Amino acid sequence: MKLQNIVALVTGGASGLGLATARRLIEGGAKVVIADLERSNGADAALSLGPNARFSIADVTDTDQMNAALDVAESLGELRAVVHCAGGGAAIRLVEKDGSPGSMEKFESVIRLNVIGSFNVLRLSAARMARNEVIDGERGACVLTASVAAFEGQIGQVPYATAKAGVVGLTLVSARDLASKNIRVNTIAPGIFDTPMLARLSEDIRTSLGRSVPNPARLGQPEEFAELATHMIQNGYLNGETIRLDGAIRMQPR
Ligand SMILES: NC(=O)c1ccc[n+]([C@@H]2O[C@H](COP(=O)([O-])OP(=O)(O)OC[C@H]3O[C@@H](n4cnc5c(N)ncnc54)[C@H](O)[C@@H]3O)[C@@H](O)[C@H]2O)c1
């Protein structure tokens, strides 16, 4: 799929990996709708990206808000691409230090954000794309965001690792499910990227995290994620795959 003149939705596009992807898509000639929370930086982000960017307030787990964002996208033309970046985690232990069982509320909220959010974004976007005219054999392409935690969850990451494994699980079956509609689905499993998500860590910890990556021994740059996301949209033969983007890191238990 060519990026020129397509309409793309980027969830979590106000920050980090999503913002870099929105920027890269616009550089490639796409029009982009950023779907992000009201409290996010989405309005400023869209302004900074210029006239081909819009911001729509949407929680990815909310059907009405997501449909409103998709309406904004379709007001610009046929929705051809979705890059779903909104996600995140919360640390719990199965048995906390004080002996109490891990929080059900936190577990459920992380599953809701990452798994239910991905399902919601995918189903609502694909329903729109399914109505598109077929161009070069395709109606649309979707990119989801997992994490290397899906494969090597660290202690404290039970909710996040479980949820991101769910996103990996969603990938192939969704590609198969949407094959008859000529819509592709791929997933990126990032390692450790230099985004506001990591900004709460001290500079020392960020530097040592970077050094723990085999090669290159540094944090990933959001632009490197954006490059793979746009490649996944452009390469019509890439489908049903999860690609680790991680400088060969394999996370240790802690
Ligand atoms: N940064 C990393 O090292 C890293 C590593 C692995 C995976 N990831 C994944 O990459 C994705 C993006 O992370 P990031 O580092 O860019 O984080 P970030 O915090 O910079 O950006 C996340 C964006 O998602 C938005 N968001 C959160 N909940 C939302 C919701 N319910 N609906 C809509 N928007 C919502 C936030 O407002 C924010 O703008 C996440 O899914 C994260 O789990 C990040």
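This text goes with the structure placed above it.
Report on the accompanying structure. (Residues numbered from 1 in each chain as written. Predicted model: local features only at pLDDT ≥ 70, side-chain atom pairs only at ≥ 80, totals over all residues. Heavy atoms only, no water.)

**So, the site of the ligand**
Contacts to the ligand come from 29 residues, most closely from Ser15, Asp36, Tyr160, Phe193 and Thr195. Asp36 is positioned such that a nitrogen or oxygen atom in its side chain is 2.6 Å from an oxygen atom of the ligand. Take Lys164: an N or O atom from its side chain is 2.9 Å from an oxygen atom of the ligand. Burial of the ligand by the surrounding chains reaches 90%, relative to a free accessible area of 830 Å². Counting residues per element, the shell around the ligand draws most heavily on helix H6 (residues 196-199), at three residues. (Near = heavy atom within 4 Å. Polar contact = N/O pair within 3.5 Å; in protein donor to acceptor, adjacent residues only side chain to side chain. Areas by Shrake-Rupley, 256 points an atom, 1.4 Å probe, with all protein chains shown as cover. Helix = DSSP H or I, 4+ residues; strand = E, 2+ residues; numbered from the N terminus.)

**Some remarks on the environment of Asn41**
Note that Asn41 resides in the loop between strand S2 (31-36) and helix H2 (42-49). The spacing of Asn41 and Leu19 is 22 residues in sequence and 9.9 Å in space, taken between C-alpha atoms.

**Some points on the environment of Val72**
Here Val72 is to be found in helix H3 (residues 63-76). Judged by relative accessible area, Val72 falls into the partly exposed class, the value being 25%. Each C-alpha atom, one on Val72 and one on Val158, is 36 Å from the other, the two residues being 86 residues apart in sequence. With residues up to four places along the chain from it excluded, the contact list for Val72 reads Val33, Arg54 and Ser56. (Buried < 20%, exposed > 50% of the residue type's maximum accessible area, 1.4 Å probe, protein only. Contact = heavy atoms within 4.5 Å.)

Spatial relationships are all this shows, so hold off on functional conclusions.
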